[in-house]
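# Structure assessment
Residue strings, one per chain:
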Amino acid sequence: MAQTALNPKVSLPVSDWKKWLGVFPFFLFAILFLVLPSLRLVIGSFTNNEGQFTFANLLQLFQEKSILDAYWLSIRISAATAIGGGIFGFLLAYSVTVGGLPKPLRSALITFSGVASNFAGVPLAFAFIATLGRTGFVTALIKNLFGVNLYQQTDFDLYSFWGLSLTYMYFQFPLMVLIMAPALDGLKQEWREAAENLGASTTQYWLRVAFPVLLPSILGSMILLFGNAFGAYATAYALTGGRLGIITIQIGAQIRGDVLHNPGLGYAMAMGMVVVMAISLMGYSWLQKRSERWLR
Amino acid sequence: MRTKNFAYYLIALFVIAATLLSACGGAAATEAPAAATEAPAMTEAPVAATEAPAVDPMADLIAAAQAEGMLSTIALPHDWCNYGEAIETFKAKYGLEVNELNPDAGSGDEVEAIKANKDNTGPQAPDVIDVGFAFGDSSKAEGLIQPYKVATWDSIPDDAKDAEGYWYGDYYGVLSFLVNTDVQPDVPQDWADLLDPKYNGQVALSGDPRTSNQAIQTVFASALANGGSLDDAQAGLDFFAEMNTAGNLVPLIANNGLVATGETAVRITWDYNALAAVDSFEGNPKAEVVVPATGRFAGVYVQAISAYAPHPNAAKLWMEFLYSDEGQTIWMKGYCHPIREADMRERGVIPADLLAKLPDVSGAVFPTLDQLNAAKELIVANWDSTVGADVQAAP
Amino acid sequence: MSLLARIRRIPFWSWIWFILGALYFLLPLYATVNFSLRMERDVIGFKAYIRAFEDPEFLETFLYSNILALLTIIASIILIVPTAYWIRLRLPEARRIVEFITLLPFVVPAIILVFGLIRIYSSPIKIPFTDIRLLQPLTTFEVGTDILIVAGYVVLGLPYMYRSVDTGMRTVDVRTLTEAAQSLGASWFTIITRVILPNIRAALLSGALLTFAIVVGEVTLASFLGVPAFGPYLFLLGQHRAYEPAALSFASFLMTWLAMGLIQLFTGGQGQAAGTH
């Protein structure tokens, strides 16, 4: 009886619209404090510098190659750090939960991840420059120990796409750890034992039992990592001086800064970002639906 | 029923917490206003200006400002032109609270803040702004600022102020090189020196040339020394293109921390920033400031009062303070050249030791608004293509 | 147990990942600390730190931001847990739109959010179409501004808190728990507070830590709304100086880490499975 009361597919005595009351507070809050203040984005993207209605800003998005390149670059960096961050973050989370490291290490990692997840912008850029920049101490260390001058003898350059990705990982790894650790906790020991009893090897256990269970959570975390990197601005600006023209820096150039620009174009670009996030979300939802089927 | 009680409980909890919070925050923010009004000791000594301020209007202004009790400023870092001391002196002198909004804001943010706060009488609305030269006219055109002529109005040079009093230049600086002499003992003396191979991977700008006033004017300045002129900034772009090809240009936005580590051993910035940096280093690292021999470029910033200022009298008092000899001298202590410098030198009111500390910037050129705008358009549009800061191709 | 057997029990790969991670995280921190200790020429000393801590406002603003963070966490939990729960159980159709909303804060620049908040809430709150004032503008009084900034922070933390809570609920079988509780006659309120919340403690802890870090380090909202928070203070103190910013960033890193340790202690949020696999 209780079961049918919970199953949404069975017609309930409560009518449809009342179900939406449960999420009403959330929507109200979102409207009051997120959607309404951000309306300027929408209105502004259709306004030009004189305050008149125009489609010119939106059109410019598709016409200017530099803007399309900026989107593509942002997507690439977000995808790279989402995947890279996802993989290594997962391994880290694994090591302190299921992987059997001592409990204090887990506490240390979790709390450290909390702090590191927000360590970004100028302090992060400075920390990495002081480590791997031309005068960084690891650069000097490598030169002294191995005789290799990183900047002159190899292709390595901190102020590049991969350098920026490496820096982004500093807040991507912790984010993955924080989301996945509770999920990994949910891997019951009994499953492992049952699988072993049935003769499964470790690989088979992971492939057939653990990963399918974890996949929805992993996907959810990765979309979060993607969004996190997609919206990042300060770190890239501090590390590459705006040279790597990711879309957030382009938006900042139009909306902020000491030089008069075209805010309408900036708002249009931000709307474009919303669209990209919506598309990513749809892709993620589709993957989510497929992965959840395995759990039923 | 139980949910209703729960809801009331939550609201009560929230209100209590918020009040606790404001008590905590309030303790940090309020400053007890001084009891006594200070008599017009504000405009110092005999002023040579023709409009000698009568004692009465000033007392009225002070009283009105104190009735308002607060001034909201924005984008004033404490070690930029010694604003820290200016604010503290102002607070102590008139007993007003100064609410400092975002010290990191750029000129565009300041203007945006005025627009967003049009209906706001709270402390988030900036009363006064200190913005780049080009923003004076544009803010006036958008109706965001109100006119006010300070007592010492006449001693402000004509080309640095709006005739109707909407905006007025406050200080200027000249672009210079800040060099970390521990890392690079060979100090460049002029723009051309920066192309020398010994500065490989050492020279950096203080901003992004597509958005930062300082960086754009750096490129503009280099044009002067490279065969260009105030009307043609292309030579500046070519100069930096050459520097980039030579590998001397570091693609970082330089700050003092990076100068100290040696990553950007030569930083091109305003002379007042550079000199303040040397002071803050306190010998570690050793650093020198050089104003280039040719291509001396002056950048002016302007002050204005917001048309929507919730505390207009406090704002006017702040302006009177800044443009008095006392205020201008405080700026000078921060190595900025105050706009009334010529007048003050004539009257001999600048302390000798301060004069000795200021670098020689004779021959510095002041571009007009039109020249600035033209150069800005050129540089912003062509930086990427000319200087060729390539995006790393990623797989 | 023989030595060999003992060695075999050491989770070899776990240690490798952990050590690699530790190296990656600690080296840049070391670079920062190393730099910050060298303010005095040729001397390793704490001059930069002493300078930073001399100012009494350091502690005041840090405490203020901590309190703001706690309020934000509480408000987030109250807002998000019932919503996520409801979506999971009764309203899967709403999932996509809610997830989209929770991802919006990534693409709305903080500066647009804060100016938008100021624009809207600097007018008095009235009953629509009348002139009856319910409340004076939020921005003109302190509690109002505090409400605004907590709301703003809840928005900023929305993606992280929602994802944490959602993952936590996915891990715990909320359906069965709810059925069991309902069959024992519990009301919705009891179910959420006494059955669901304790079971997703680890996830709540993650969300809380993430939100805490965001609030304590935040600069844009705080500095434009004019609240005495830690972020703007740090910037005012020494962004143009050389050594103090490094000292400050490291000091606030440590202090925030400490605060998080305290949070973890109080919530006791540890995972269940700690066995070897």
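All values reported here derive from a predicted model rather than from experimental measurement.

## Focus on the overall build of chain C
From N to C terminus, chain C includes 13 helices and two strands. Considering only C-alpha atoms, chain C reaches an extent of 70 × 65 × 30 Å along its principal axes. The buried share of chain C, reckoned over its 277 residues, is 59%. Sequence-distant contacts, at least 24 apart, represent 73% of the contacts inside chain C between residues at least 6 apart. Only carbon and sulfur atoms are counted for the fraction: they give 68% of the accessible area of chain C, which is about 11400 Å². Side chains of chain C give 20 positive and 16 negative charges; the mean places of these two sets differ by 12 Å.

## A look at the confidence of the model for chain B
Residue and element names in this part refer to chain B. Averaged over chain B, the pLDDT score is 82; the fraction of residues at 70 or greater is 84%. Below a pLDDT of 50 lies the segment residues 17–53, which in the model reaches 54 contacts outside its immediate sequence neighbourhood of four places, other chains included. The low-confidence segment residues 390–395, where pLDDT is below 50, has 13 contacts with residues more than four positions distant or belonging to other chains.

## Some remarks on the nonpolar core
Formed by 305 residues in total, the largest nonpolar core has its most connected members in A:Tyr170, B:Phe240 and B:Trp318. When near neighbours in sequence (up to four residues on either side) are disregarded, A:Tyr170 contacts A:Phe112, A:Ala116, A:Phe119, A:Leu124, A:Phe128, C:Tyr24, C:Phe25, C:Pro28 and C:Leu29.

## Remarks on the interface of chain B and chain C
Listed per partner, the contact involves 50 residues of chain B and 41 residues of chain C. For the pairing of chain B and chain C, the buried interface totals around 4000 Å² over both sides, and the portion due to carbon and sulfur atoms is 63%. At the boundary of chain B with chain C, the tally comes to one salt bridge. Here B:Glu112 ties to C:Arg119 by a salt bridge, and the two come within 3.5 Å at their closest N and O atoms. Inspection of the chain B/chain C interface yields five residue pairs in polar contact (both at pLDDT 80 or more). Breaking the side of chain B that touches chain C down by element, the ones donating at least two residues are α1 (2–29), β2 (97–101), α4 (107–116), α8 (256–261) and α9 (271–281) of chain B. If one sorts the elements of the side of chain B that touches chain C by residue count, α1(B) sits on top with 13 residues.

## Description of the state of the cysteines
All names here are of chain B. Applying the stated criterion across every chain yields a total of one disulfide over all chains. The disulfide bridge from cysteine 81 ends at cysteine 336, spanning 1.6 Å between sulfur atoms. On the sign convention where negative means left-handed, the S-S torsion of about -85° between cysteine 81 and cysteine 336 marks this disulfide as left-handed. Here cysteine 336 lies in the loop between α11 (325–333) and β11 (337–338) and cysteine 81 lies in the loop between β1 (70–74) and α3 (83–94), a separation of 255 residues in the sequence. Residue class for cysteine 81 comes out buried when judged on its relative accessible area of 1%.

## As for the interface of chain C and chain A
Each side of the interface is counted separately: chain C has 88 residues, and chain A has 97 residues. Linking chain C to chain A there are zero salt bridges. Linking chain C with chain A are 13 residue pairs in polar contact (both at pLDDT 80 or more), by the criterion used here. Where the side of chain C that touches chain A is concerned, the elements lending two or more residues are α2 (12–36), α4 (57–89), α5 (95–107), α6 (110–121), α7 (142–171), α8 (174–183), α10 (201–217) and α13 (244–267) of chain C. Sorting elements by how many residues they give to the side of chain C that touches chain A places α2(C) first, with 15 residues.

The rules behind these values
- Residues numbered from 1 in each chain as written.
- Chains lettered and ligands numbered in written order.
- Predicted model: local features only at pLDDT ≥ 70, side-chain atom pairs only at ≥ 80, totals over all residues.
- Heavy atoms only, no water.
- Helix = DSSP H or I, 4+ residues; strand = E, 2+ residues; numbered from the N terminus.
- Buried < 20%, exposed > 50% of the residue type's maximum accessible area, 1.4 Å probe, protein only.
- Contact = heavy atoms within 4.5 Å.
- Areas by Shrake-Rupley, 256 points an atom, 1.4 Å probe, with all protein chains shown as cover.
- Lys, Arg positive; Asp, Glu negative; His and termini not counted.
- Charge placed at Lys NZ, Arg CZ, Asp CG, Glu CD.
- pLDDT = per-residue confidence, 0-100.
- Core = buried A, V, L, I, M, F, W, Y, C linked by side-chain atoms within 4.5 Å.
- Buried area = accessible area lost by both parts, 1.4 Å probe.
- Salt bridge = Lys/Arg side-chain N within 4 Å of Asp/Glu carboxyl O.
- Polar contact = N/O pair within 3.5 Å; in protein donor to acceptor, adjacent residues only side chain to side chain.
- Disulfide = S-S within 2.5 Å.

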